[in-house]
Amino acid sequence: MSDVPAAPASSRRIWAIVQIAASVSLLAALIALVDFRALTDRFREADLLWMLLGIAAGLLQLALLGLRWWVLNRKLHLAAPLTAGDHVMLTGLTHAASQVLPSSIGGDAVRVLVLKRCRIGLAEAMLSVLSDRAAGLMGLLALVLFGLLLGGVPEGAENAALAAGIAALVGIGGVVIAPWIATRPAIVRLAERFALERALAAGAGLMRDPIAALGILALSVLPHALNVVMAWSAAHALNLPVGWDVLTLAVPLALLVMTLPVSVAGWGVREAVLVFVLGGAGFAAHDALAVSVTWGALLLAVGLIAALPSLLWLARRR
């Protein structure tokens, strides 16, 4: 399979400028709409111990994400040369890259490029990353359902809960019909063309194996739950009593929106979602914005911490 020609440098620069402008504009608009003095007062009261707890949760999340990716690749017979430790290091590099690139898609592109550098074929690398992304999406939607079933719908967030519930049901439907799709002749021929028929058959088998599928699902839900812990730590660092019922709805919704490549590292769109959901649940806009910005700062800190060992690992792969 030949590589897709790269977009002209001028087009990439223009799109990067658009994304930066989108993040800056959204943040500026939100800051203009809130009580700026109250917002800065919240930041001045931040508790360092709660921030450190959020960073610890983020580092544990990276380890679990790497472990899930490794397990999934073993099940699908993909990226065989890479160990569990390699997957964790590459996951850390992906997260670090995602903090300066457009949403999680930029990080996924880095994953594909590094897998190619590790002598993994392009088609295999893309399937590996897409499979991991699909598993993460299923975990995200499952967390939404768990939150709605266990905590109910937070008052004032009914519309957000409805949208999240519909998305979760659509995702479940996709999992149910996935094994059938994998047997379609056109899909089989496409897999054979790129020597991925074994991975396709293994993926269909995984969907039919409830024990293995539940194991992957558990490894998909836990990292997202740790994202909720990070947001919860951010709220408590600011002395804001934001409950789990609200965060298990707001955080997955924000993560879903952040996958759209319309901003840099999700800045701006994440804040808009949290201001909408937390505002509907009765929190002041400046408090919701403070929680989101602090959560973003924790994600950035985790990326900076993970960057050094990940870059050293990459250098040793030469």
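An account of the accompanying structure is given in this report. Owing to the predicted nature of the structure, the values given are computational and were not obtained by experimental measurement.

**Observations concerning the pattern of salt bridges**
By the definition in use, this model includes eight salt bridges. The partner of Asp108 in a salt bridge is Arg111, with the nearest N and O atoms 2.9 Å apart. Note that Asp108 and Arg111 are positioned in helix α5 (residues 103-117) at a spacing of three residues, about one turn of the helix. Comparing Asp108 with Arg111 shows no difference in burial state: the two are buried. In this structure, the salt-bridge partner of Asp132 is Arg111, at a minimum N-O distance of 2.7 Å. Taken together, the residues span a long stretch of sequence, with Asp132 in helix α6 (residues 122-151) and Arg111 in helix α5 at a distance of 21 residues.

**A look at the packing of aromatic side chains**
Applying the stated criterion to the full structure yields two aromatic pairs. The interplanar angle of 85° and the centroid separation of 5.1 Å between the aromatic rings of Trp50 and Trp232 together place this pair among those described as edge-to-face. Of this pair, Trp50 sits in helix α3 (residues 48-76) while Trp232 sits in helix α10 (residues 210-237), and the two are 182 residues apart along the sequence. Its relative accessible area of 26% is what places Trp50 among the partly exposed residues. Aromatic pair Trp232 and Trp244: ring centres 4.9 Å apart, planes at 20°, arrangement stacked. One end of the pair, Trp232, is in helix α10; the other, Trp244, is in helix α11 (residues 244-258), with twelve residues separating them in the sequence. The exposure class assigned to Trp232 is buried, which follows from its relative accessible area of 19%. Among the residues examined, Trp244 registers a relative accessible area of 39% and is labelled partly exposed.

Calculation rules
- Residues numbered from 1 in each chain as written.
- Predicted model: local features only at pLDDT ≥ 70, side-chain atom pairs only at ≥ 80, totals over all residues.
- Heavy atoms only, no water.
- Salt bridge = Lys/Arg side-chain N within 4 Å of Asp/Glu carboxyl O.
- Helix = DSSP H or I, 4+ residues; strand = E, 2+ residues; numbered from the N terminus.
- Buried < 20%, exposed > 50% of the residue type's maximum accessible area, 1.4 Å probe, protein only.
- Phe/Tyr/Trp six-rings, centres within 6.5 Å; stacked < 30°, edge-to-face > 60°.

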